[in-house]
Amino acid sequence: MKIVIILLLLCQPCYAVAAKIYTGTGEAVIAHITPEQARADAREQAMIDILQQATGIDIFSIQLLVNAQMASYHILQTHSARVINSDCHYYVEHEGQLTQKAVCNGEVQAFGRQGPDVSSVLLSLANKEDCDFSFDDINANKDSKSLFNANERFCLLINSHEDVYVGIFSIYHDDMNIKISRVYPDNEQIALRVKANETPKLAPLSSQPLVESKLTHEAFLVLASKEPLNMKSLLANSAGFNAEETIRNSVDIKKFDNALGRLDLDRISIKVLPYAVMR
């Protein structure tokens, strides 16, 4: 009997269920936009398709668009699911009007069923000397869209009605790929602790477009847990002191997704805060 039990234990990995792969399709008419933008738009529609299949929730792009180039930060995620490990193929249909088609495969990572309720917002520092905003300031601006000038200082504000542990990550698009780096905690902490009904005063942030660009689209991913998490174990790569350094330190988001998948995702909340910086 002991031999049989040992053999069953050894063979358990053989019965691991493979992650379900979803296939989504999207399209965009190539008119008054660049071919690159058409590909991005088609890809985003395919991501909507994947999330709708997995969650059964109708996702309307009008709810998700900050503008055309920032949409995918929302479309890759709802309040309870994200598309990960995606791969897309593109082709152009020439019948009638030129149409960019995208066929994307991806997994859907569900989270947050027992995660903490966290509020987060980006606000311009304006004439303030530091990020000293009230709880009411956050609630009044939680639905705001963020557009900042190059080197303009702004604040990332977070609060919760319960004690939570937070990691903040910077993400941006590199063509069709998404790159990520860690902003908080710093290298001396394992996580940023946010006490109940208090807003931590984080250092002001700023960014600027790359030399060849007039506008850059970025986002912050805020990950919160009721239990302490070692955020550095999720992603060792930290953001730099300027855009170029952050880009050098960034890695493909699949590395982060795979590390995240090893956690108890039911007890984690994820928010994405897209923003744009113009020269």
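A brief structural summary. (Residues numbered from 1 in each chain as written. Predicted model: local features only at pLDDT ≥ 70, side-chain atom pairs only at ≥ 80, totals over all residues. Heavy atoms only, no water.)

### Topic: the pairing of strand β1 (residues 22-29)
Look at any regular strand and the pattern is simple: side chains alternate between the two faces of the sheet. Judged by which residues are buried, β1 turns out to be one-sided: Tyr22, Gly24, Gly26 and Ala28 face inward and are buried, whereas Thr23, Thr25, Glu27 and Val29, on the alternate face, are not. Relative to strand β3 (residues 99-110), β1 is paired through 8 bridges, and the arrangement is antiparallel. Directly across from Gly26, in β3, lies its bridge partner Ala102. (Buried < 20%, exposed > 50% of the residue type's maximum accessible area, 1.4 Å probe, protein only. Helix = DSSP H or I, 4+ residues; strand = E, 2+ residues; numbered from the N terminus. Pairing = 2+ DSSP bridges.)

### Concerning a nonpolar patch on the surface
Side chains of Leu147, Leu215 and Met278 sit close together on the surface and give an oily, nonpolar patch of about 260 Å² of accessible area. Structurally, Leu215 is set in strand β10 (residues 215-225). Take Leu215: its relative accessible area is 38%, and that puts it in the partly exposed class. (Patch = residues over 30% accessible without salt bridge, like charges linked within 9 Å, V, L, I, M, F, W, Y side chains within 5 Å. Areas by Shrake-Rupley, 256 points an atom, 1.4 Å probe, with all protein chains shown as cover. Salt bridge = Lys/Arg side-chain N within 4 Å of Asp/Glu carboxyl O.)

### Here we look at the pattern of salt bridges
Counted under the stated rule, the structure contains 7 salt bridges. For Glu93, the salt bridge goes to Lys101, with nearest N and O atoms at 4.0 Å. The class for Lys101 is buried, based on a relative accessible area of 15%. Note that Asp132 and Lys201 form a salt bridge whose closest N and O atoms lie 3.6 Å from each other. Of this pair, Asp132 sits in the loop between β4 (118-124) and α5 (135-140) while Lys201 sits in the loop between β9 (192-194) and β10, and the two are 69 residues apart along the sequence. For Asp132, a relative accessible area of 38% gives the class partly exposed. Salt bridges here are not isolated pairs; linked through shared partners, they connect Glu27, Glu93 and Lys101.

### Quick look at the pairing of strand β6 (residues 154-160)
Within β6, 7 of the 7 residues are buried, leaving the element largely enclosed by the surrounding structure. Covered by surrounding structure in β6 are Phe154, Leu156, Ile158 and Ser160 together with Cys155, Leu157 and Asn159, the residues of both alternating faces.

### Notes on the state of the cysteines
For the coordinates displayed, the defined rule picks out 2 disulfides. In this model, Cys88 is linked to Cys104 through a disulfide, with the two sulfur atoms separated by 2.1 Å. Between Cys88 and Cys104, the S-S torsion sits near 110°, and that sign places the bridge as right-handed. With a gap of 16 residues between them, Cys88 in strand β2 (residues 81-93) and Cys104 in strand β3 connect regions that are remote in the sequence. In this structure, Cys88 and Cys104 share a single accessibility class: buried. (Disulfide = S-S within 2.5 Å.)

### Section: the sheet that holds β2
The sheet built from 3 strands is open, its strands ordered β1-β3-β2 with antiparallel pairing. The open sheet is flanked by β1 and β2, the only strands paired with a single partner. Strand after strand, the sheet turns through a mean of 25° between neighbouring axes, direction not considered. The sheet contact formed by β2 and β3 spans 11 bridges and is antiparallel. When the sheet's bridge partners are listed, Asp87 is paired in β3 with Asn105. Taken strand by strand, helix α2 (residues 35-55) contacts β1, β2 and β3, and its axis lies near 145° from that of β1. (Axes fitted to C-alpha atoms, helices over the stretch in contact; angles between N-to-C directions. Contact = heavy atoms within 4.5 Å.)

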